[in-house]
Amino acid sequence: MDYSKYEVYDFDHVSAFNMSTGYKERSYKDHWHSYGEILLVGSGRTNIYSVGSNTYELVPDDILIVWPMEMHSVVNANREESLVVQFSNAFINSLFDLRRIMHMYRNFHLVCVKAHPKLASKLKDIILKMKEIFFSDRQDKEIRCCMLLMEFMLTMLEYRKELTPELTYEGQNGYTDDVMRRLMAVTDYIKNNLTADDLSQGAMAQMAGISRDYFSHIFKDVTGMNYSKWLNMIRLEKATELLTEEDRTMTEIAMLSGFQSISSFNRVFREEKGVAPGEYRALLVKNG
């Protein structure tokens, strides 16, 4: 990766979502950045972009996806009426399902309006909703745009069967679809069995039918965090849900969330949330 071509945007450090339009220049040099981009092509007869080693000659309403850390450029295009959605890689990594979708489509970049008219139309509608909200004065526009970004990704997933002939599952650093299915089966099992006797990384690797070291490697690569960190996040999600039930004791919540002791529950909760579980519950009651 050529770090001299790394491009920094301020939003990447303070926001999960950004949107831009109205660029006068018809070209932009080869560059890459840590966030991803979704481009809705505007009007004009000439719209040429490159992603990696591929060059795309696009028509209005085509949708081009540039995943985080991919080299790309604008060769010659009408950018004044195009819409560019920029999304934080940290946001994608924060949700396993979004990370899984990105893995599936990592080598897929173009939703062609002629080849996939229904999908392109649905995705365009989502992007236009993003535009309406993002350029409004709403106080909650970022979270609403992120919700639409998730809808965009889920819509892509719904059309996976239609797009299958265009997908490449094994990229330069990718994993086979079979390995991803095994990993998803394990994570689904964990989410539904937090009180199981053995949720160790070794046991989960054995369940997936792969070595512990390989499991550890792909787990961190796909989720953006190590296994123990991810497991604590899932446990905290469950604990946070249970804290809304006022008749539950702290010990009961800790055990149902899979923590081995009330002390470990309190420690992990405070480390991640910044407050003790009891304080968090009090805030929920106060704001409820």
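For the structure, see preceding data.
Residues numbered from 1 in each chain as written. Predicted model: local features only at pLDDT ≥ 70, side-chain atom pairs only at ≥ 80, totals over all residues. Heavy atoms only, no water.

### Overview of the overall build of the protein
Point 1. A tally of helices and strands in the protein yields 13 helices and 9 strands.
Point 2. In terms of overall dimensions, the protein has a C-alpha envelope of 65 × 45 × 40 Å along the principal axes.
Point 3. In the protein, which comprises 288 residues, the proportion classed as buried is 46%.
Point 4. Relative to all contacts within the protein whose residues are 6 or more apart in sequence, the contacts with residues 24 or more apart total 70%.
Point 5. For the protein, the accessible surface area stands at approximately 15,200 Å², while carbon and sulfur atoms represent 49% of it.
Point 6. On the protein, the mean spot of the 34 positive side-chain charges and the mean spot of the 40 negative ones are 1 Å from each other. (Helix = DSSP H or I, 4+ residues; strand = E, 2+ residues; numbered from the N terminus. Buried < 20%, exposed > 50% of the residue type's maximum accessible area, 1.4 Å probe, protein only. Contact = heavy atoms within 4.5 Å. Areas by Shrake-Rupley, 256 points an atom, 1.4 Å probe, with all protein chains shown as cover. Lys, Arg positive; Asp, Glu negative; His and termini not counted. Charge placed at Lys NZ, Arg CZ, Asp CG, Glu CD.)

### Digging into the sheet that holds strand β1 (residues 17-20)
Point 1. With respect to topology, 5 strands assemble into an open sheet ordered β1-β8-β3-β6-β9, the strand pairing being antiparallel. Only two strands of the sheet have a single neighbouring strand rather than two, namely β1 and β9 (110-111).
Point 2. Looking at chain direction, strand β3 (residues 36-40) and strand β8 (residues 83-87) are connected through 5 bridges and run antiparallel. Residue pairing in the sheet places I38 in a bridge with V85 of β8.
Point 3. Helix-sheet contacts for helix α4 (residues 117-134) involve β1, β3, β6 (63-66), β8 and β9, and the interaxial angle to β1 is about 95°. (Pairing = 2+ DSSP bridges. Axes fitted to C-alpha atoms, helices over the stretch in contact; angles between N-to-C directions.)

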